[in-house]
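Examination of the molecular architecture
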Protein chains: 2
Amino acid sequence: MYSPRPAVLTASLTPLDQDLNIDSDHLARHVQWLLRRGASGVVLMGTTGEANSFSASERMMALEAVVDSGVDPEKLIVGAGCCALKDTVDLTRNALRAGVHRILVLPPFYYKQVSEDGLFAAYDYLLQSVGSDEIRVYFYHFPKMSAIPIPVALVERLIQAYPGSIAGFKDSSGDWAHISAMIRHFRELEVFAGSEQFLLGTLEAGGAGCISATANVTSQLAAELLHKWKTPEAKMLQARLYNIRSAVEQWPMIPALKALMQELTQQGNWANLRPPLKALNPREVSACIQAYQAASGDNHRKSEY
Amino acid sequence: MYSPRPAVLTASLTPLDQDLNIDSDHLARHVQWLLRRGASGVVLMGTTGEANSFSASERMMALEAVVDSGVDPEKLIVGAGCCALKDTVDLTRNALRAGVHRILVLPPFYYKQVSEDGLFAAYDYLLQSVGSDEIRVYFYHFPKMSAIPIPVALVERLIQAYPGSIAGFKDSSGDWAHISAMIRHFRELEVFAGSEQFLLGTLEAGGAGCISATANVTSQLAAELLHKWKTPEAKMLQARLYNIRSAVEQWPMIPALKALMQELTQQGNWANLRPPLKALNPREVSACIQAYQAASGDNHRKSEY
């Protein structure tokens, strides 16, 4: 049975310097800012964080910088799923060493149409190799990006095999029918929707909350909904979150969010992205900022950043 | 204008030990065997070689072992395209240090529906970072696996930007209309079909030959066709190659080829695969061997392995 308190976690963007390397100091500041603005926690090195565009050692150094800056590792979930299982194992061990127990694990995603047995073997390899009782695995279901869905039967087999280690499911299908089915099916897991557009529905259905990219800019509002989800205000707050997400989704998500962060903070080099992602052009940036401001009513720069 | 002699390159399998680590000695023996059996060259760490299932350091160690065993690095093409550009750069530099100049480069393949500009930036980052006149880049077009096609316009832009460094195109679309269009379009590049099923057509159209997974078991026959492609025997040889490939393709390609190598050589631990790939079960192995033998007429174990 699901027990932790519902949560809204932000899938953090990863700020880069001019050479397109991770700006770890800026990343640490950004994580602290997200937590101050109401994020229940932060996912480092998810899709939003351009995780798979960095080598394992770059990812490890970034996590270490964030934890060294004083962020409580219990507030973090770390993305670790790579194509190469050795990398997945190394990233997981590194997270555990840093005090982070919650690991978001994409399936290996190069080979397509792989068998459930093959996916089981991949997660089994990870759990055997890491060999720690402290690991808490969150499955990362994002078929539009990874092209590898997480089958229900796979999760069931892994819960059987590693009952204390399988903790949750991030459902980035974008499909409420699927998300709500996962919440009903996996009562013993924390099921997070991959977008705050489904936050109220997820909470009402008994899910764990959401892990969201757009929460980089909506964390305050999402936190307010989390606080008031049983009140009459909830529907209005959810509608606002829905509208903001819909506004931002008109552009490629990660470049759009980086453009918004540049506007909101006027700091850093938010326009830098690792290829194959590319920054929005100036016209797109203006349109995106306008659409965001219109949807959110938020046209104040964040002087406290 | 295309100048090198037509070639049949084998996309080498990667033998693993019981712990699912690369058996480098066995890999070196396998590459030598392929070259003895008529392969014009060998691609290490392509899709067939489970490349993306290994970390960058595992891939580098494997290449070093092969070259240290005495294989002429000019006979090799090395796969280096990763999601993380730092890994792609490291693998490419490592190949150049080992004397291998021909690099097969998948586009970064985690993010989907990326822009041509983003893909250009990825290859540009590689070429700028490596900064060597000795690199010869081969684009790896395999949309069914990577989900990231290589657009014609992208290749044209990179030829313009790096005229001496863009050498070829591996077309694993499995679509003759596409392959033949690429041969016609890119007269200045070596265009390889991704299967020896298209070998004769590719040679007749002026293409460079093929880079093939099934050439792990068909290298002798493919070499014979390469030798005789202008003779009356060519059609019969092509038909045999076609039938062998079609027979093997009834099973997942890499596990099927590993099962066949186990049968042919009776050596090593060919049944080992890195998850998410899984070995065929015993019934599938038997059926696959039977289908291969029926198609090839080859039921002799390879005592010289």
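Described below are features of the structure shown in this document. (Residues numbered from 1 in each chain as written. Chains lettered and ligands numbered in written order. Predicted model: local features only at pLDDT ≥ 70, side-chain atom pairs only at ≥ 80, totals over all residues. Heavy atoms only, no water.)

Attention now goes to the sheet that holds strand E6 (residues 166–171) of chain A. Residues and elements named next belong to chain A. The strand order around the closed barrel formed by eight strands is E1-E2-E3-E4-E5-E6-E7-E8, and the pairing between neighbours is parallel. Sheet twist, expressed as the average angle between the axes of neighbouring strands with direction ignored, equals 25°. Bridging between E6 and strand E7 (residues 190–193) involves four bridges; their strand directions are parallel. Residue Asp171 lies in a different strand from E7, and its bridge partner there is Ala193. Of the strands in this sheet, strand E1 (7–11), strand E2 (41–44) and strand E3 (76–79) are in contact with helix H1 (residues 24–36), which crosses E2 at around 150°. (Pairing = 2+ DSSP bridges. Helix = DSSP H or I, 4+ residues; strand = E, 2+ residues; numbered from the N terminus. Axes fitted to C-alpha atoms, helices over the stretch in contact; angles between N-to-C directions. Contact = heavy atoms within 4.5 Å.)

So, on to the state of the cysteines. For the structure shown, the criterion picks out zero disulfides over all chains. This cysteine, Cys82 of chain A, is not joined by any disulfide, and Cys83 of chain A carries the nearest cysteine sulfur, 7.4 Å off. Unpaired in terms of disulfides, Cys83 of chain A finds its nearest cysteine sulfur in Cys83 of chain B, a separation of 4.9 Å. (Disulfide = S-S within 2.5 Å.)

In this assembly, 40 residues from chain B lie in contact with 41 residues from chain A. Summing both partners gives a buried area of about 3200 Å² for chain B against chain A, and 67% of it is carried by carbon and sulfur. The largest contributions to the chain B side of the interface with chain A come from Tyr110, Tyr111 and Pro276 of chain B, which together make up 26% of the buried area. Seen at the junction of chain B and chain A, the total is zero salt bridges. Connecting chain B to chain A are twelve residue pairs in polar contact (both at pLDDT 80 or more). Taken together, the elements giving at least two residues each to the side of chain B that touches chain A come down to helix H3 (85–97), helix H4 (116–130) and helix H5 (143–146) of chain B. Per-element accounting of the side of chain B that touches chain A gives the leading share, six residues, to H4 of chain B. Here the side of chain B that touches chain A is composed, by residue class, of 22 nonpolar, eight polar and ten charged. (Buried area = accessible area lost by both parts, 1.4 Å probe. Salt bridge = Lys/Arg side-chain N within 4 Å of Asp/Glu carboxyl O. Polar contact = N/O pair within 3.5 Å; in protein donor to acceptor, adjacent residues only side chain to side chain. Nonpolar A, V, L, I, M, F, W, Y, C, P; charged D, E, K, R; others polar.)

Before going further, it helps to spend a moment on helix H11 (residues 253–265) of chain A. Residue and element names in this part refer to chain A. In this model, H11 (13 residues) spans 18 Å end to end at C-alpha, consistent with the 18 Å of a helix rising 1.5 Å per residue. Among the 13 residues of H11, eleven are classified as buried, and the element is accordingly described as predominantly covered. For H11, every residue scored as buried is listed here: Met253, Ile254, Pro255, Ala256, Leu257, Lys258, Ala259, Leu260, Met261, Leu264 and Thr265. In this fold, the buried residues of H11 make contact with H1, helix H9 (215–228), helix H10 (234–248) and helix H12 (282–296). Gln266 sits one or two positions beyond H11 and adopts a positive phi of about 55°. (Expected span 1.5 Å × (residues − 1). Buried < 20%, exposed > 50% of the residue type's maximum accessible area, 1.4 Å probe, protein only.)

Treat this as a map of the structure, not an account of what it does.
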